[in-house]
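Residues per chain, in single letters:
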Amino acid sequence: MRIAVSLLTVLGIASIIGTVLKQNEPYPNYIIQFGQFWFDSFQMLGLYDVYHSVWFLLILVFLVTSTSLCIYRNSPLMLKELRAFREHATEKSLRTFSHKHEYQTSIARDESKQRLFNFLGIRGFRYKIKPQDDGSELIAAKAGSYQRLGYIFTHTAIVIICVGGLIDGNVPFKVQELLGYKKVETLNLPDDQVPKISRLTPANLSFRANMTLSEGQSGNTAFMRMRDGYLLQEIPFTIALKDFRIEHYETGQPKSFESDLVITDPEVKEPITHTISVNHPFIYKGIAIYQSDFQDGGSKLNFNVWQLFNNNPQSSEINGTIFGNARLGQGDDVLKVEFEDFRKFNILNLSPDGKGKSHNVGPSVIFKVRDLEGQAREYVSYMQPLQIGGRHYFVSGMRETQQEDYRYLRLPADDDFELKGFMRLRAAMFDPAMHNEIAHRFALAALGEKAKDDVIRNKFEDSIKQLLKAFSQGGYTTIAKVIEKSVPVAERDKAAQTYIKIIAGSAYEAYIISQEKAGLKPSDDDNETQLFLQDSLNAMSDLFFYGTPFYLQMTNYEQREASGLQLTRSPGKNLVYSGSILLVLGIFSMIFIRERRIWLLVKPDNRILFAMSANRKNRDLDIEFDQYQQQIKRMLEDTTT
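Residues numbered from 1 in each chain as written. Predicted model: local features only at pLDDT ≥ 70, side-chain atom pairs only at ≥ 80, totals over all residues. Heavy atoms only, no water.

### Quick word on the overall build of the protein chain
Check the secondary structure of the protein chain and you find 14 helices and 26 strands. Here the C-alpha atoms of the protein chain give a radius of gyration of 42 Å, more than 25% beyond the 26 Å that 2.2 N^0.38 yields for 641 residues. Counting only contacts in the protein chain whose residues sit at least 6 apart along the sequence, the fraction spanning at least 24 positions is 62%. Of the roughly 34,600 Å² that the protein chain leaves accessible, carbon and sulfur atoms contribute 54%. When the 75 basic and 75 acidic side-chain charges of the protein chain are each reduced to a single mean position, those positions are 11 Å apart. (Helix = DSSP H or I, 4+ residues; strand = E, 2+ residues; numbered from the N terminus. Rg over C-alpha atoms; globule rule 2.2 N^0.38 Å. Contact = heavy atoms within 4.5 Å. Areas by Shrake-Rupley, 256 points an atom, 1.4 Å probe, with all protein chains shown as cover. Lys, Arg positive; Asp, Glu negative; His and termini not counted. Charge placed at Lys NZ, Arg CZ, Asp CG, Glu CD.)

### Brief notes about helix 2 (residues 27–45)
An α-helix turns once every 3.6 residues. As a result, residues three or four positions apart point the same way. Here helix 2 spans only 14 Å end to end across 19 residues, well under the 27 Å set by a 1.5 Å rise per residue. Considered for burial, the residues of helix 2 that qualify are Y27, Y30, F39, S41 and F42. With its phi angle positive at about 70 degrees, G46 sits one or two positions after the end of helix 2. (Expected span 1.5 Å × (residues − 1). Buried < 20%, exposed > 50% of the residue type's maximum accessible area, 1.4 Å probe, protein only.)

### Focus: the packing of aromatic side chains
Per the counting criterion, the structure on display carries 28 aromatic pairs. Between F282 and Y284, the aromatic rings sit 6.2 Å apart at their centres with planes inclined by 15 degrees, giving stacked as the arrangement. Look at F282 and you get buried, because its relative accessible area is 12%. Look at Y284 and you get buried, because its relative accessible area is 11%. One aromatic cluster in this structure is built from F303, F339, F367, Y379, Y546 and Y551. Sitting over the ring of Y406, R399 keeps its end group 4.4 Å from the ring centre. (Phe/Tyr/Trp six-rings, centres within 6.5 Å; stacked < 30°, edge-to-face > 60°. Lys NZ or Arg CZ within 6 Å of the ring centre and 35° of its normal.)

### Structural notes on the nonpolar core
Core analysis: the biggest nonpolar cluster contains 66 residues, and F339, L411, F422, M429, Y551 and L552 have the highest contact counts within it. In terms of residue count, the dominant contributor to this core is helix 11 (residues 492–517) (nine residues). Contacts of M429, omitting those with residues within four sequence positions, involve H435, L468, F471, S472, I503, S506, A507, A510, L537 and M540. Ranked by size, the runner-up nonpolar core spans 27 residues in total, among them M211, L213, F244 and Y284. (Core = buried A, V, L, I, M, F, W, Y, C linked by side-chain atoms within 4.5 Å.)

### Some thoughts on the layout of surface pockets
Space inside the second largest pocket adds up to approximately 450 Å³. Taken together, 21 residues make up the lining of the second largest pocket; nearest its centre are H52, S53, V54, L57 and K174. When residues of the lining of the second largest pocket are traced back to their parent elements, those giving at least two are helix 2, helix 3 (54–83) and helix 7 (171–179). Tallied by class, the residues present in the lining of the second largest pocket amount to ten nonpolar, five polar and six charged. (1 Å grid on protein atoms, 1.4 Å probe; cavity = no way out; pocket = protein on both sides within 12 Å on 5 of 7 lines; lining within 4 Å. Points joined across faces, edges and corners; volume = space filled by probe spheres on them. Nonpolar A, V, L, I, M, F, W, Y, C, P; charged D, E, K, R; others polar.)

### Some details on the sheet that holds strand 23 (residues 550–558)
Strand order across the open sheet formed by three strands is 13-12-23, with antiparallel pairing between neighbours. Here the strands that pair on one side only, and so sit at the sheet edges, are strand 13 (316–321) and strand 23. Neighbour-to-neighbour, the strand axes of the sheet open up by a mean angle of 30 degrees, direction not taken into account. Strand direction decides the pairing type here: strand 12 (residues 300–307) and strand 13, joined by six bridges, are antiparallel. Looking at strand 13, one finds that N304 is bridged to E317. (Pairing = 2+ DSSP bridges. Axes fitted to C-alpha atoms, helices over the stretch in contact; angles between N-to-C directions.)

### Structural notes on the pattern of salt bridges
Summed over the entire model, instances satisfying the criterion amount to 38 salt bridges. Note that E137 and R109 form a salt bridge whose closest N and O atoms lie 3.6 Å from each other. Of this pair, E137 sits in strand 3 (residues 137–143) while R109 is found in helix 5 (residues 109–122), placing the two residues 28 residues apart along the sequence. Taking the relative accessible area as the measure of exposure, R109 reaches 24% and is therefore partly exposed. The partner of R391 in a salt bridge is E528, and the shortest N-O contact between them spans 3.0 Å. Of this pair, R391 sits in strand 21 (residues 391–399) while E528 sits in helix 12 (residues 527–543), placing them 137 residues apart in sequence. Residue class for E528 comes out partly exposed when judged on its relative accessible area of 45%. Through salt bridges with shared partners, a single ionic network connects E91, R95, E102, D134, K603, D605 and R607. (Salt bridge = Lys/Arg side-chain N within 4 Å of Asp/Glu carboxyl O.)

### As for unusual backbone geometry
Of note in the backbone geometry, F323 takes a positive phi value of approximately 80 degrees without being a glycine. As for its position among the elements, F323 is in the loop between strand 13 and strand 14 (325–328). Overall, the relative accessible area of 54% leaves F323 in the exposed class.

Next comes the structure, spelled out in structure tokens:
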């Protein structure tokens, strides 16, 4: 009994862990969440798939066996006790009871018996009369005997629940895996290339698997995540996604989504159509099809490709598809772009203090840029310029590993909310051929009358060109290195301020030149232009940490959504539910039903011996005995008066 209680406690704790800890997640997610040490420890304990772990199933088997034996051994005795009135009790044994009392009455014996029968009947006692050898009659009564059913119900419920758990625990797969007939696949393979050893047939007793379908796509296999890999679960019919719909709140957050499914079953002539939504599954042939989530189903995207480190102010175009890839560059510099996800809605809080209201900032794309050595960085780029601090920027985040947060690059939008203004300025600032013109114009503007002195002007222009060259090779970081190398420590702050002013002034001239080359009217030297130039210089300096020589600006998209379905077959579920109901009935029976027994020995000399017992000797028994004692006494006294 103690072992069983201990094991039930272990199962309870394991169930709590299985509820709190998300099960069957990809292993990298657990490593990120817990770290390598705790990941290994939890993996060894099987906590990532508690309900299917070997130790969990072995405990269920032990409980089924031991509890069944307990029921087999004790239930007959329980049922016998339930039916028994214990009418064989003797006067001697009754006098040993702690709760007893003897009365003397003068009323007729038959009348006494009738009143006692009424007393018992009113209080819900069933009774049986047994004549004694000395002429006495023993009235053996009982109430609450069904309390004993609580023991049977509770133990039977444990067996039923454990059997249900074993059925849904995928024991057949465990056995096949142990014998080497099945194996968890760890390679990322298309459905049709998954080997037979990693496939589960439609006859599999229970499973919980996931299927993702794009609109117009169909399938009859689902992936069942298992430890660090997966199994391919075949289903006996084909599911096609006819249409997927999603509704959003005004903020852009998903409100509801549903899928129109078409079931094609070889055993049924006509296809079956049904619409499922969250919490409204469709159950067919014992397989429940749930609407679990949604994702991109291969949206088509259009991009402008901006080179970041040459003198070309124009962009080129490429097209991409989510889950597809593209190549940029040539030779040893070629880069592979892997498009991973497209999100039409992004709910962000862009207020400076983070206390503002979140709102939808429009579409974004997530992609990876991989070099020839296989090293990859992940990027997220927003299609529309984001308003940050009252100004608008094209924003793109970059991170080198999944464990890192994104580091964001902010490219200022021009007056037309486009990137062209920044890219023209960048091209001019990074073009060595433009530095002479920029330096000359800035020298004329900065020196005034002194510009007429060729020596002074040429020396100043040379300094400007050196700074522009350094800036175009590494941004402010390179400027700082130049200062550290050539300026004494005491004069570095003053030199830095001077250099920054020269860079800013040169940027204005470069901006005017870039607009002239584009056939645009030069901007006024006002505060708005200066803010744009300052943002642009900061962005140019950050380009050297962006990790890729191009910027992908999403210009258009054709969204294609995919519906995430979860398919479950859980025949043990009904057993678990039934067992749970039986368990509740059993526990309530044992707690709230008290078995009480009363013996009334009516002797020939009109003495009546009253004895009482209960399955739990507590204060309730004392109170009830005192009440019955007084009631019987008054009843007999009333009769004699």
